[in-house]
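Architecture at a glance
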Amino acid sequence: MEDSQLPDSTEESSRPALGRFVDYFFQAGLDHSKSLIDRRLPVICDTNGSLIDLSVIEVKSPAQLIKEANTGNTSCCDKPKEPNGVDGKQVHPLKYHFQAETIQRYPKQDWSDTEKFPAYVPMFCFPNDLTLVYDESQRPPDTFHSFIITEENGAKCYGTCIIIYEKPSEEIRVQLQSLISEWEENNLAESDIEYVQHVKSQLEFHKEKLRLLQEYVNDSVDLNERRELEAAEEEKVCIYEELLTPLKQTILANLEHVYVPRCLGLLSHWPWYNILKDWLCELVRMVRNADSLHGYIPLERCIVNIIHEIPLPPPGKLEIVINIGDQQLHCSRPPVNTIPTLKNALFNVAYTKC
């Protein structure tokens, strides 16, 4: 999804937060104009609290830390073990943890001194840091989550965001390729390369042998014997594939299968979680299918509409309808003397071409 240019917002800035349906739209992730090395995060060593360069130590999962605590080995400064089982190798660039940042926000100016854009939104979008995703089968599915930011004056800001995955931009791809080449030069010995080549050749050999057994029927070979030969070859293929699986994100890494997460979100002083989730999902669908949609509405127009043109529904039976793409989103607020619940409803609209 490309970065879009949104118009400056100077009008309607006097509308109070409690009268707005949505306060801000934002995108968070990796800024492709900045260096990946500068965005890489260090690791805090538990033993003395010192910072350790992420390029020389693996990030340990909670399960690993619990296991070490149970066995009495609590040091997090041990040499890491890469998937190929060789100690002392640097962490592969595809396993780096990066610091996310706000790539784009609208409006660009704060509504007022008391209604500022929260400074730590990227941290709530990526609470476990931003990491690249490697998937050879398909693009990772979109994910959704919400969060609450309590401001200094006690007011709450409700965030709704969706994480999408896209191919790295040309700038990020060039940087990744450079980092991977440097990693291979510093960490791969000739024996490692020979080992990988041997496993790959054996895998191709047994795959071809299995294919021939399945395609060509030899009357001179007993059926049971033929099935045993096929089972033996299938087992060998599985073994060699398992040997190569942990190497796919390191030695065998292919940038064509790398995806960079990007977060699109909305901030409001009202917890419209469900309706804003539906709005974001439809927005992403529209952008991805822009070439095939009839009467496509630009991304910028949708954002301006929900921030400046959609009013906060008044308490009572009156409800507002938000139209975006093929969806009609209905929302309302209860009367002041009833249980304070918000109504979020989604209705599908039949889409027909003119």
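Here the structure is a predicted model, which is why all the values come from computation and not from measurement.

Quick look at the environment of Leu 212
- Within the fold, Leu 212 resides in helix H5 (residues 190–215).
- Classification of Leu 212 as partly exposed rests on a relative accessible area of 36%.
- Residues Leu 212 and Glu 230 lie 18 residues apart in sequence; the distance between their C-alpha atoms is 9.6 Å.

What about empty space enclosed by the protein?
- Counted under the stated rule, the structure contains 1 cavity of 30 Å³ or more.
- The calculated volume of the largest cavity comes to roughly 30 Å³.
- If you trace the largest cavity, you find it lined by Asp 23, Tyr 24, Glu 115, Lys 116, Glu 151, Cys 157 and His 269.
- When its residues are assigned to classes, the lining of the largest cavity shows 2 nonpolar, 1 polar and 4 charged.

Side note on the packing of aromatic side chains
- Inspection of the entire model under this criterion finds 7 aromatic pairs.
- Pairing Tyr 24 with Trp 111 gives two aromatic rings, centres 6.5 Å apart and planes at 55 degrees, and the pair type is tilted. Taken together, the residues Tyr 24 in strand S1 (residues 24–29) and Trp 111 in the loop between strand S5 (101–106) and helix H3 (121–125) connect sequence positions 87 residues apart. Trp 111 shares its class with Tyr 24; the two are buried.
- Centre to centre, the rings of Tyr 96 and Phe 98 are 6.2 Å apart; their planes meet at 70 degrees, and the pair counts as edge-to-face. There is no split in this pair, since Tyr 96 and Phe 98 are both buried.
- Over the ring of Trp 111 we find Arg 20; its NZ or CZ atom is 4.1 Å from the centre of that ring.
- For Arg 40, the ring lying beneath its charged end belongs to Tyr 96, and the centroid distance is 5.1 Å.

Topic: the pairing of strand S8 (residues 143–150)
- As defined by bridge partners, S8 adjoins strand S9 (residues 156–166) across 8 bridges and the pair is classed as antiparallel. Looking across to S9, one finds that Ile 148 is bridged to Tyr 158.
- Counting the residues that bridge the hairpin from S8 to S9 gives 5 residues, and of these Gly 154 lies at a positive phi of roughly 90 degrees.

What counts as what
Residues numbered from 1 in each chain as written. Predicted model: local features only at pLDDT ≥ 70, side-chain atom pairs only at ≥ 80, totals over all residues. Heavy atoms only, no water. Helix = DSSP H or I, 4+ residues; strand = E, 2+ residues; numbered from the N terminus. Buried < 20%, exposed > 50% of the residue type's maximum accessible area, 1.4 Å probe, protein only. 1 Å grid on protein atoms, 1.4 Å probe; cavity = no way out; pocket = protein on both sides within 12 Å on 5 of 7 lines; lining within 4 Å. Points joined across faces, edges and corners; volume = space filled by probe spheres on them. Nonpolar A, V, L, I, M, F, W, Y, C, P; charged D, E, K, R; others polar. Phe/Tyr/Trp six-rings, centres within 6.5 Å; stacked < 30°, edge-to-face > 60°. Lys NZ or Arg CZ within 6 Å of the ring centre and 35° of its normal. Pairing = 2+ DSSP bridges.

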